[in-house]
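Structural characterization, general
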Amino acid sequence: MDAQLTAFLARAEQLMERIEAALPQGLQQPDWGASIAFRYRRRSSGQGVIAPVAHIGIISLDDLKEIDPQKEKIQRNTEQFVRGLPANNVLLTGSRGTGKSSLIRACLHAYAPQSLRLIEVDKAELVDLPDIVEVVSQRPEKFIVFCDDLSFDEGEPGYKALKSVLDGSVAAATPNVLVYATSNRRHLLPEYMAENLTYTHTADGEVHPGEVVEEKISLSERFGLWVSFYPFNQEEYLKIVAQWLTALAVDASSIVNARPEALVWALERGSRSGRVAWQFARDFAGRHGTVPG
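Residues numbered from 1 in each chain as written. Predicted model: local features only at pLDDT ≥ 70, side-chain atom pairs only at ≥ 80, totals over all residues. Heavy atoms only, no water.

1. Some details on unusual backbone geometry
Unusually for a residue other than glycine, Ser115 sits at a positive phi of about 70°. The residue Ser115 is located in the loop between α3 (100-111) and β4 (116-121) in this model. Unusually for a residue other than glycine, Asp149 sits at a positive phi of about 55°. Checked against the element boundaries, Asp149 lands in the loop between β5 (142-147) and α5 (157-167). Judged by relative accessible area, Asp149 falls into the exposed class, the value being 52%. (Helix = DSSP H or I, 4+ residues; strand = E, 2+ residues; numbered from the N terminus. Buried < 20%, exposed > 50% of the residue type's maximum accessible area, 1.4 Å probe, protein only.)

Right, here's the structure in full:
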């Protein structure tokens, strides 16, 4: 009988271990020393994981040209943050390829020695943002939660989770966490012509947006700092091309000769952005056999 009971208890313990393994687990602390950048992902089991990013593209603030006003605002806010001074959540909006994400990455490299860390979270996983904030709230490091190319459709669950974190919800805002988001939409939600009909006018001419418009504006207003990026003109685009060609060890005379090709490259892509300049520079340097030092 004792042997049967022992076998039964062993099988019961194994079953309990399997059940516990299948149950949702709390978000675990990663090895914070493994990287300066991390990525939050939800596995097929539903378990969320903060994983270190093994290979981070290196870019410095000096590499970013023709966006000096935007750079000054983001750098100043980030420096205040790492020094423990008051700082704002940031929304970077504007034209694609103008350096929004690169600027955040450059700030990470600049302030990583002062314990700045970054956690990238996809829009679809923003519903878990409160859990992420809770995990890092007692850490000594400063964390930027980075949401790239952020926009929402009507009714998406991540929208309310982000609003709660930006506002601090019932709990106070966590002092070692800021949200930096990039978007092509200033108000993060699609806007429709019919919504203009919801505006009302008072007798003295004051304009009041309707409830739908107010709701769409309310999320972006929770970001304390708005930074706008604009398309580059031709001369600005060529300066950025020259910067990247220099970084890729192309000599000065070849950079001058590359200008007509760079303009054709931009014309074919319908954009004079920093991303297009970088892509041209890589193509040109590759074709001419230059190797960066």
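Moving on from the model shown.
2. Looking at the pairing of β4
Counting buried positions along β4 yields six of six residues, so the element is predominantly enclosed. The two faces of β4 match: Leu116, Leu118 and Glu120 on one face and Arg117, Ile119 and Val121 on the other face are all buried. Here strand β1 (residues 37-42) runs beside β4; their pairing, made up of four bridges, is parallel. Counterpart to Phe38 in the pairing with β4 is Ile119. (Pairing = 2+ DSSP bridges.)

3. Brief notes about the environment of Gln70
Mapped onto the elements, Gln70 comes out in helix α2 (residues 68-82). Separated by 29 residues in the primary sequence, Gln70 and Gly99 place their C-alpha atoms 9.6 Å from one another. With near-sequence residues (within four places) excluded, Gln70 lies in contact with Leu103, Val227, Ser228, Phe229 and Tyr230. (Contact = heavy atoms within 4.5 Å.)

4. Things to note about α2
Taking 1.5 Å per residue, 15 residues should reach 21 Å; α2 reaches 21 Å between its end C-alpha atoms and fits that length. Burial in α2 covers these residues: Gln70, Lys71, Ile74, Asn77, Thr78, Phe81 and Val82. Projected down its long axis, α2 shows its buried positions confined to an angular sector of 140°, all on one face. Among the structural elements, β3 (90-94), α3, β4, β5, β6 (177-183) and β9 (225-229) are those in contact with the buried residues of α2. The first or second residue beyond α2 is Gly84, which carries a positive phi of 80°. (Expected span 1.5 Å × (residues − 1). Arc of directions from axis to C-beta.)

5. With respect to helix α10 (residues 274-287)
With 14 residues, α10 ought to run about 20 Å at 1.5 Å a step, and its terminal C-alpha atoms sit 20 Å apart, in line with that. Turning to α10, its buried residues are Gly274, Val276, Ala277, Phe280, Ala281, Phe284 and Ala285. Down the axis of α10, the buried set is contained in an arc of 160°. They therefore lie on one face. For α10, the exposed residues set more than 90 degrees away from the buried face come down to Arg282 and Gly286. Turning to α10, the residues buried within the fold contact α7 (234-247), α8 (252-257) and α9 (259-269). Positive phi appears at Gly289, one or two residues downstream of α10, with a value of about 70°.

Everything listed is a geometric property; what it means functionally is a separate question.
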